[in-house]
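Structure at a glance
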Amino acid sequence: MESAGAMDSIEQVKRRIAAARHVTVLTGAGISADSGIPTFRGEDGLWRDFRAEDLATPEAFARDPKLVWEWYDWRRGIIASKSPNPGHRALAGLEKKVPGFTLITQNVDGFHALAGSRDPIELHGNIWKVRCTRCGEVSINRDVPIPIPPHCETGEPACGGLLRPHIVWFGEALFESDIQASMGALQACDLMLVVGTSGVVWPAASFAPVARSAGAYVVEVNPNPSALSDQVDQVLQGRASEVLPRLL
Ligand code: NAD
């Protein structure tokens, strides 16, 4: 049975949501864990004994694009077979209830938009987009499996350049427009929810402290303690798919 303290915390956050003028949400791999998508740092985060940090880098792609594409093809296959969960849908619902709302996600699975969120800031890109390493063209590609390695078909005759995932890899800079939009939302919000992120990937790890020092009340939703837990005002310990629907 749930403790009276935990119920009080949910009620308190609900009151804060009802009074909020702008809510900003940051989500990480944990919200999609409830859809069956492995997180990077969970027990099922390894692929053929490689860690994500060994594959999601420009150096890994330069060394062995085929290997990196095989890993993405495996991840695309998993994501294609799953769907958004009540946690994603609750955030789409929350967006309709508050006057100002910004959703920032570190996830690349595209589930927030599928669940009905309008225009989430996809800080780390989207696994269904590819970018040509020669002509720079970004396009949507939903092939599962994808030919490995894929080549650019833009233009006449076709460009033929090697395609890469349109993902911000470890060691790469985020898109400036996404940082600007995120910073604006962190400064503007009176309530921030931090959902399912370990808080170790920068610069997203700095977002909760930024919002808090700008005056926001910051709430974490996570079944486990994270690097952010002692920097927030309230921790709602639990799974995103269970806790978020209760906040609405
Ligand atoms: P992470 O793997 O470092 O951490 C996941 C966090 O989620 C942990 O704190 C864990 O305790 C928490 N968690 C686990 N189950 C949960 C649940 N049911 N509800 C709520 N929280 C839960 O993930 P991160 O912090 O997002 O950073 C890793 C990077 O991995 C990000 O850049 C992200 O883009 C990428 N990634 C994305 C996906 C995806 O798109 N679905 C999947 C794996 C990794």
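Everything numeric here is computed off the predicted structure, so don't read it as measured data.

1. Focus on the pattern of salt bridges
Considering all chains together, one arrives at eight salt bridges under this definition. Its salt-bridge partner being D34, residue R239 comes within 2.5 Å of it at the nearest N-O pair. Of this pair, R239 sits in the loop between β9 (234-237) and α10 (240-247) while D34 sits in the loop between α2 (29-33) and α3 (52-55), placing them 205 residues apart in sequence. On the basis of relative accessible area, R239 is assigned to the partly exposed category, the value being 40%. Note on D34: relative accessible area 21%, which makes it partly exposed.

2. Overview of the site of the ligand
Close to the ligand lie 25 residues; R41, Q106, D109, H124 and S198 are nearest. Compared with its free state, where it exposes 840 Å², the ligand has 93% of that area covered by protein. Residues that form the shell around the ligand fall into these classes: nine nonpolar, twelve polar and four charged.

3. As for the environment of T39
By the secondary structure assignment, T39 is in the loop between α2 and α3. On a C-alpha basis, the gap between T39 and S182 in space is 23 Å, while along the polypeptide they are 143 residues apart. Non-local contacts of T39, meaning those with residues more than four positions away in its chain, are made with A29, G30, A33, D44 and G45.

4. What about the sheet that holds strand β4 (residues 125-132)?
If you trace the three strands from one edge of the open sheet to the other, you get β5-β4-β6, paired in antiparallel fashion. Edge positions in the open sheet fall to β5 (138-140) and β6 (163-167), since each of these has one partner strand only. The sheet shows a mean angle of 45 degrees between the axes of neighbouring strands, direction not considered. Relative to the sheet, helix α5 (residues 65-80) contacts β4 and β6, its axis offset from that of β4 by approximately 140 degrees.

5. Some remarks on the packing of aromatic side chains
Where two aromatic rings form a pair, the distance of their centres and the angle of their planes describe that pair. Under the defined criterion, the tally for this structure stands at seven aromatic pairs. Aromatic side chains F40 and W71 sit 6.0 Å apart centroid to centroid with 35 degrees between the ring planes, which places their arrangement in the tilted category. Separated by 31 residues along the polypeptide, F40 in the loop between α2 and α3 and W71 in helix α5 bring together distant segments of the chain. Pairing W71 with Y72 gives two aromatic rings, centres 4.9 Å apart and planes at 65 degrees, and the pair type is edge-to-face. Here W71 and Y72 have matching classes, each one buried. If you follow R16 out to its NZ or CZ, it ends over the ring of Y217, 3.6 Å from the centre.

6. Some details on the nonpolar core
Core analysis: the biggest nonpolar cluster contains 26 residues, and W71, Y72, I127 and W169 have the highest contact counts within it. Of all the secondary-structure elements, those providing two or more residues to this core are α3, α4 (58-63), α5, β4 and β6. Tallying contributions element by element places α5 first for this core, with seven residues. Contact partners of W71, with chain neighbours within four places excluded, come to F40, W47, A52, L55 and A56. Residues A20, I31, V221 and V243 belong to the second largest nonpolar core, which totals 24 residues.

Criteria and thresholds
Residues numbered from 1 in each chain as written. Predicted model: local features only at pLDDT ≥ 70, side-chain atom pairs only at ≥ 80, totals over all residues. Heavy atoms only, no water. Salt bridge = Lys/Arg side-chain N within 4 Å of Asp/Glu carboxyl O. Helix = DSSP H or I, 4+ residues; strand = E, 2+ residues; numbered from the N terminus. Buried < 20%, exposed > 50% of the residue type's maximum accessible area, 1.4 Å probe, protein only. Near = heavy atom within 4 Å. Areas by Shrake-Rupley, 256 points an atom, 1.4 Å probe, with all protein chains shown as cover. Nonpolar A, V, L, I, M, F, W, Y, C, P; charged D, E, K, R; others polar. Contact = heavy atoms within 4.5 Å. Pairing = 2+ DSSP bridges. Axes fitted to C-alpha atoms, helices over the stretch in contact; angles between N-to-C directions. Phe/Tyr/Trp six-rings, centres within 6.5 Å; stacked < 30°, edge-to-face > 60°. Lys NZ or Arg CZ within 6 Å of the ring centre and 35° of its normal. Core = buried A, V, L, I, M, F, W, Y, C linked by side-chain atoms within 4.5 Å.

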